[in-house]
Every structure is written in C-alpha cells, then in structure tokens.
Amino acid sequence: MADLILETRNLTKEFKGFTAVNNVNLKVERGHIHALIGPNGAGKTTCFNLLTKFLTPTSGQIFFNGKDITGARPAQIARMGVIRSFQISAVFPHMSVLENVRIGLQRQLGTSFHFWQSSASLERLDERALQLLAEVGLEGFATTMTADLPYGRKRALEIATTLAMEPELMLLDEPTQGMGHEDVHRVTELIKKVSAGRTILMVEHNMNVVSGICDRISVLQRGALLAEGSYAEVSRNPQVMEAYMGTSATELQGAQG
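Predicted, not measured: the structure shown is a model, and the values here were computed from it.

Novice: How should the overall build of the chain be read in this particular structure?
Specialist: A tally of helices and strands in the chain yields 10 helices and 11 strands. Taking all 257 residues of the chain together, 49% fall into the buried category. The contacts in the chain between residues at least 6 apart in sequence include a share of 64% that link residues at least 24 apart. Here the chain has roughly 12,000 Å² of accessible surface; of this, 51% comes from carbon and sulfur atoms.

The following block contains the structure:
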C-alpha cells in the first residue's frame, strides 16, 4: 500500500454557485515529485489555497500524514511541515539574500518572528543560511540586495527560504513561470536536487518540466480530477488531450518525445 503524505477526499470549493474545485480525491505519495496540471481556470491554484487553508473547503477532507487537517489554520499547517511558495516571488526586495533566508530560519528561535531584534542577535543563524544558499546555488549572492537579483535567482532564493522552514511537504506554485529557457533549466534542476528526502507537490504549466522530473501527475479540468498517473499515461489519455486542445496538446505530446 502506498505511503501517502497528503490525501484529499471529495475536496470541494464553491463560490456563489460556481464550483472551482469539485470532489477532488488527490493522493500524494511520500518522496514523490507530484504535479498538478490542467488548462487555465482548471482550479489548480484554488486547490493549493485549500490545502494550505488560505481558503476553507465547502466540503470534503484534507489529510496530512494520516491526520485530518481540514479544520487547521494556515499557521498550524505550516508548523506541521506543509510549506508553499507562490506564483509571484515572495521575498523581501530591500533586504539582502542572506537576510531573507535568515527570516525563514527565525522559527528556530521560538514561536514568533523577532523582527525587532538586532541583526547581531540573529548571526547564529548565518551558518545554516549560508548552507541553504549553497544548496540552491546562491552562495555567491549572500550580500546582494534581493531587488538586484535576476528573476530566476529570486525564485531560487524563494526555494531557499521555503527550505529554511524545514518542510516535509513543499507546495510550489508555478515555480518556472515567466522564465527564459536557461532559468527554467536551472530551477528544474534545483527542484530535482532539493526533492531528496522531501515530497514536492507543484502546479506547473511547462510540460517539459513536468515530463522531466515528476513521478506522478494529476490533471484537473473545470475543478474536477480528469486523470492521474505517470506522464506517459496521462499524455496518452484522450480526455487529457481534448482538455489541452491545440497548442497545449501539441506541447503535451512533444514533451513526451
């Protein structure tokens, strides 16, 4: 029997008569890179918001490590080890790269962030922060102002700050969105690297990324789970091909080759 780290049962979210997520039964195995894909408006980001409780489900249940977390608050879920990134890079632009990672590490000092403390009192976190920067290839940028980083490097920094929270399950929302080919390759390799010993659930539009690193894929269409399986399996599914009509369908096939 599969070792599930995350499971949803009939997860549903309605907005004034519109069903954005419809009876979704998602199963994410521990240690996998699992992609959630689908056409625009399929409900992928809404699903992420439900999993991290930025939205409250209309009905259904969410289980993490076998525990029902449907009623938990976002901060509680984060403390359990479910940490997410966002489509838009969520870093502090007017702080250095090192300081951004240090903020993620401050949880180790207690239950609250110590923004009022002097930077000297936080220096004990520098060694671990530098280790995390090395893990994502940013060791040479520690003193750089975050606003001055290229876009792809900012996404790498966001992954470092996510890792600082010691996630058991990382939720990455469109990690390669808006990137050029070189940055896409760098971030894809980075995701593969940091997945060791962790589980990753990601929303991603780039089918070359999905086909290259994901163990399992769930396809959403109009809020419902359309198909699930390996990339080879879902890319041959006639319903999936129909959902990705035109250019996207061609891309789906092309990434398989």
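Novice: How should the pattern of salt bridges be read in this particular structure?
Specialist: Two side chains that carry opposite charge are able to pair once their charged atoms sit near each other. The final tally for this structure, using the stated rule, is 10 salt bridges. The partner of D126 in a salt bridge is R102, and the shortest N-O contact between them spans 2.9 Å. Here the residue D126 occupies a position in helix α4 (residues 126-135), and R102 occupies one in helix α3 (residues 97-105), the gap between them amounting to 24 residues. Residue class for R102 comes out buried when judged on its relative accessible area of 8%. Here E182 and R186 are joined by a salt bridge, their closest N and O atoms 3.3 Å apart. Of the two residues, E182 and R186 are both situated in helix α6 (residues 181-194); the distance of four residues between them amounts to about one turn of the helix. Assessed through its relative accessible area of 57%, E182 is described here as exposed. Overall, the relative accessible area of 27% leaves R186 in the partly exposed class. The network of salt bridges with common partners includes D3, R30 and E168.

Novice: Teacher, can you tell me more about unusual backbone geometry here?
Specialist: The bulk of non-glycine residues show a negative phi, and the bulk of peptide bonds are trans. Within the chain, K53 stands out as a residue other than glycine whose phi angle is a positive 65°. Assignment of secondary structure puts K53 in the loop between α1 (44-51) and β5 (59-64). The backbone of E166 shows a phi angle near 55°, a positive value even though the residue is not glycine.

Novice: Explain empty space enclosed by the protein here, please?
Specialist: Space left empty within the atom packing is revealed by a probe, the size of a water molecule, rolled over the atoms. Overall, the coordinates contain one cavity of 30 Å³ or more when judged by the stated rule. As a volume, the largest cavity reaches approximately 40 Å³. What lines the largest cavity is S85, R155, E158, I159, L172, P175 and V187. Per-element accounting of the lining of the largest cavity gives the leading share, three residues, to helix α5 (residues 151-164). Across the lining of the largest cavity, the residue classes break down as four nonpolar, one polar and two charged.

Novice: Would you mind going over the nonpolar core with me for this structure?
Specialist: One recurring pattern in soluble globular proteins: nonpolar side chains tend to sit buried together. Residues V101, I159, M202, I217 and V219 are the most contacted members of the largest nonpolar core, which totals 46 residues. Not counting residues within four places of it along the chain, the set of residues in contact with I159 comprises V136, M170, V187, L190, I191 and V194. V24, A42, L169 and L220 belong to the second largest nonpolar core, which has 24 residues in total.

Calculation rules
- Residues numbered from 1 in each chain as written.
- Predicted model: local features only at pLDDT ≥ 70, side-chain atom pairs only at ≥ 80, totals over all residues.
- Heavy atoms only, no water.
- Helix = DSSP H or I, 4+ residues; strand = E, 2+ residues; numbered from the N terminus.
- Buried < 20%, exposed > 50% of the residue type's maximum accessible area, 1.4 Å probe, protein only.
- Contact = heavy atoms within 4.5 Å.
- Areas by Shrake-Rupley, 256 points an atom, 1.4 Å probe, with all protein chains shown as cover.
- Salt bridge = Lys/Arg side-chain N within 4 Å of Asp/Glu carboxyl O.
- 1 Å grid on protein atoms, 1.4 Å probe; cavity = no way out; pocket = protein on both sides within 12 Å on 5 of 7 lines; lining within 4 Å.
- Points joined across faces, edges and corners; volume = space filled by probe spheres on them.
- Nonpolar A, V, L, I, M, F, W, Y, C, P; charged D, E, K, R; others polar.
- Core = buried A, V, L, I, M, F, W, Y, C linked by side-chain atoms within 4.5 Å.

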